[in-house]
Every structure is written in structure tokens, then in C-alpha cells.
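Understanding the architecture of this molecule
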Amino acid sequence: MAAARAVLEKCTMMLLTASKTCLRHPDCESARINKGAVFQRMRLALEQVIEIVTDSRPSGEHEPGPMSIYAAIKEFKNQVEGLRENLSLLSREGLRARLRVILEHTEDFTDSAYTSHEDRERILELAKQARMELEQLMSAWMSAQNQRKRDVTEDMEVALLKMCQCMNELQRELHSAATSVAMDLLKYHSDHLVLKALKASGEEGNIEALAEHSCQLSEQKEQLLEVCRLLRHVSGTEPLEITCLHAEDTFKVTGPQIISAAETLMLHPSSKIAKENLEVFCEAWESQLSDVSLLLREIRDVFEGRRGEKRAYLSLPRPGVSGPF
């Protein structure tokens, strides 16, 4: 709900300047595209609010997205440890399938161009070790069942501990890899040079420079989407997962909106409203970058057991501040 409200509040100013720009330049295609994208995002956010308020979402759509690695590892460990209470709690194939899903998710890290070689090798090594530990657990589990044991054997207890320890190490390594990638990319983009260049090329009416800087912004957008996806995997709590998804969606939508606003200014370089419109979208991008930096700090605090004071995200509604509806 907070994420949907944030979209509506942020889009209010965007819709104002985008509509003014469209009215001022009615024959400008990029201005129409810009305004249409704002309307579309507001419509989707309103639908989301209505679904939440009326509880009308179809069955199976209550999850914020695919299960994160953090949640999958937590569930896997709970099921493994549950074998201490009941050796027939679940099937061996079921446990293998759950580990397979976790290891498939680790490919988001190992396939990322921004994961360091050392982190990638360590993740692959731990994934291999996890498969081996599971087979050891399966062997001890089968032996205990064949002996008709009601309680776990010593061999099985050792295998349980090793399996959980391996998953803890994998979780730590994934957290380290995700936060390292996020810190590096956020630091790299903190100067907002691409946004400044886009504004300058739009004001100058320089089509070649605008095309070049638009490509650079698209590349930056893809990098930030990768950051959000990796952080979501290690976020640690459902609210932080939802915040990661909100940030990913914001970058995905705002990037093309900035480009269409810059194209409008390039076509009408003396237009004050076109300049103001571009500024509004750039500010939304900058505030989202700041929010991801705060989000990164909060994810690290949760992982290290420090909850601390709740931070206020610039792109999310502040408590006690009424929204536009």
C-alpha cells in the first residue's frame, strides 16, 4: 500500500508538468508519450490500491513477487531442522527440489556482470558444497529410516548441522556480493553526470548528444535494476523486499520518461515548461537513488541484527503526511 501511495504522490507533480508540456506543445509526440506513461503508472497504482483495500486480488497474487533467496533458504533450513521432530516430515525429492530452486536463484549473482570474480567463485563453490551436504544428509536420513529409528541418529544430526552451516555461509556470501555490487554502482552514479548532460543537450537542442546520453541513461537504468534485484534476494524482511521491488519498478519506468522529457526539450529548447518537466523527472530519479542508498544501509542493519531507527525514504510517504487522495 505504501509503495502504491508513493507512486501516486510522486506522479502528481509529474502529471502536472507533463500535462502542461503537452498543452503547450500539442503536436509534440514525445510530450504525449511522456504524459501517457505517467497516466499509465498512476492507473496501475490505483488498481493496486483498490485490490488491496477491497481484497479483490485473484488467488495466488498476494505475494509481492517470486520468492527471494533469503526466504527460500529460511524455509529450507526450517524444513531440514524439522526432521529432528519427524523423519517422515517431507520427501527426499521435495527437499532436493527446494535446494535446486535456491541454487537456480544464485545464478542471478553468478551470471551478473557486476559480481566480482572472487564472489562468483565462492558462490559456485558453496553451491557445490550444498549439493554434497544434502546427499550426505539424504544418506544418513535413509539409514535412520531403514533402521526404523524414531529419533535422529548421531550421523544424521551431524549431517543436519553441516547442511544448515553451509546454507548460512551461502547466505552470507550472497549478502556480501549483493551489497558490494550495490555500493560500487551507487557510488559510481552519485554525481548524476548523465542527468546533467541530458539536461544540457536538451537545452542546446543537440540531437546527437541527446542520443548518446540517452543510451548512457538506459545503461545506468539496467545497472540499477540489477542492484534492486540482487538486494531483494538478500533483503531479509518482506517490507524491505517490497521496497526493493518498488525501487526496481521506479527506475524501469522513470528512465524512459526522462528520455522522452529530454526529447521534448530538445525539440523546444526555449520552452520553460519543457525544462521544468525534465527537471521534475530527474529529481524523481535522484531521490530514488538516495532511497536505494538508505535501503542498502537498512538491509545491512537487518543482516547484522541492528534494527535501529526507521529511516524515511524520499520516494515513500512519510507518516503523518496526507496523500493526494
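Residues numbered from 1 in each chain as written. Predicted model: local features only at pLDDT ≥ 70, side-chain atom pairs only at ≥ 80, totals over all residues. Heavy atoms only, no water.

1. Notes on the overall build of the chain
Counting its secondary structure elements, the chain contains 11 helices and 0 strands. Each helix and strand of the chain, placed in order from N terminus to C terminus, yields the pattern α-α-α-α-α-α-α-α-α-α-α. Dimensions of the chain along its principal axes, counting C-alpha atoms only, are 85 × 45 × 35 Å. For the chain, the proportion of its 325 residues judged to be buried stands at 46%. Within the chain, contacts between residues separated by at least 24 positions form 77% of all contacts whose residues are at least 6 apart in sequence. On the chain, roughly 17,000 Å² of surface is accessible, and the fraction owed to carbon and sulfur atoms is 51%. Distance between charge centres in the chain, computed from 41 positive and 51 negative side chains, equals 3 Å. (Helix = DSSP H or I, 4+ residues; strand = E, 2+ residues; numbered from the N terminus. Buried < 20%, exposed > 50% of the residue type's maximum accessible area, 1.4 Å probe, protein only. Contact = heavy atoms within 4.5 Å. Areas by Shrake-Rupley, 256 points an atom, 1.4 Å probe, with all protein chains shown as cover. Lys, Arg positive; Asp, Glu negative; His and termini not counted. Charge placed at Lys NZ, Arg CZ, Asp CG, Glu CD.)

2. Here's the deal with the packing of helix α3 (residues 69-82) against helix α4 (residues 92-105)
Interhelical geometry of α3 versus α4 gives an angle of 155° and a closest axis separation of 10 Å. As far as their axial angle goes, α4 and α3 are roughly antiparallel. Classified by chirality, the crossing of α4 by α3 is left-handed. For the pair α3 and α4, the contacting residues are I69, A72, I73, E75, F76, Q79 and V80 in the first and L95, R98, L99, I102 and H105 in the second. Here the residues of the contact of α3 with α4 are counted per class, giving 8 nonpolar, 2 polar and 2 charged. (Axes fitted to C-alpha atoms, helices over the stretch in contact; angles between N-to-C directions. Parallel < 35°, antiparallel > 145°, perpendicular 65-115°, else oblique. Left-handed = near helix turned anticlockwise from the far one by under 90°. Nonpolar A, V, L, I, M, F, W, Y, C, P; charged D, E, K, R; others polar.)

3. Here's the deal with helix α1 (residues 2-24)
The periodicity of an α-helix, 3.6 residues per turn, causes residues three or four places apart in sequence to face the same way. Along its 23 residues, α1 runs 33 Å from first to last C-alpha, staying within 8% of the 33 Å computed at 1.5 Å per residue. Along its length, α1 shows its largest kink, about 30°, at C11. By the burial criterion, the buried members of α1 are A3, A4, A6, V7, L8, C11, M14, L15, T17, A18, T21 and C22. Against α2 (29-54), α10 (238-267) and α11 (272-303) lie the buried residues of α1. (Expected span 1.5 Å × (residues − 1). Bend = angle between axes of the 7 residues up to and from the residue.)

4. Thoughts on the nonpolar core
Within soluble globular proteins, side chains that are nonpolar tend to cluster in buried spots. Counting 84 residues, the largest nonpolar core has F76, L95, F109, L137, M167 and I258 as the members making the most contacts within it. With 15 residues, helix α7 (residues 154-188) is the single largest residue contributor to this core. Not counting residues within four places of it along the chain, the set of residues in contact with F76 comprises L95, R98, L99, I102, L134, M163 and M167. (Core = buried A, V, L, I, M, F, W, Y, C linked by side-chain atoms within 4.5 Å.)

5. Section: the environment of R131
Structurally, the position occupied by R131 is in helix α6 (residues 117-146). The spatial distance from the C-alpha of R131 to the C-alpha of L99 is 7.9 Å, given a sequence separation of 32 residues.

6. Focus on the pattern of salt bridges
A full pass over the atoms with the stated rule returns 16 salt bridges. Salt-bridge contacts for R5 lead to E9; the nearest nitrogen and oxygen are separated by 3.3 Å. A residue pair is termed a helical-turn pair when its members lie 3 or 4 positions apart in one helix, as R5 and E9 do in helix α1 at 4 residues. Overall, the relative accessible area of 25% leaves E9 in the partly exposed class. (Salt bridge = Lys/Arg side-chain N within 4 Å of Asp/Glu carboxyl O.)

7. Examining a negative patch on the surface
Negative charge collects at one region of the surface, where E104, E107, D108 and D111 lie side by side. Mapped onto the elements, E107 comes out in helix α5 (residues 107-110). (Patch = residues over 30% accessible without salt bridge, like charges linked within 9 Å, V, L, I, M, F, W, Y side chains within 5 Å.)

8. Some thoughts on the packing of helix α8 (residues 193-204) against α11
The geometry of α8 relative to α11 is characterised by a closest axis approach of 11 Å and an angle of 170° between their N-to-C directions. Taken together, α8 and α11 sit at an angle that is classed as roughly antiparallel. Of the residues in α11, those in contact with L195, K199 and E203 of α8 are K275, L278, E279, C282, W285 and E286. Looking at side-chain class alone, the contact of α8 with α11 contains 4 nonpolar, no polar and 5 charged residues.

9. A few points about unusual backbone geometry
We note that H192 has phi near 55°; this positive angle belongs to a residue other than glycine. Checked against the element boundaries, H192 lands in the loop between α7 and α8.

Shape descriptors only; they carry no functional weight alone.
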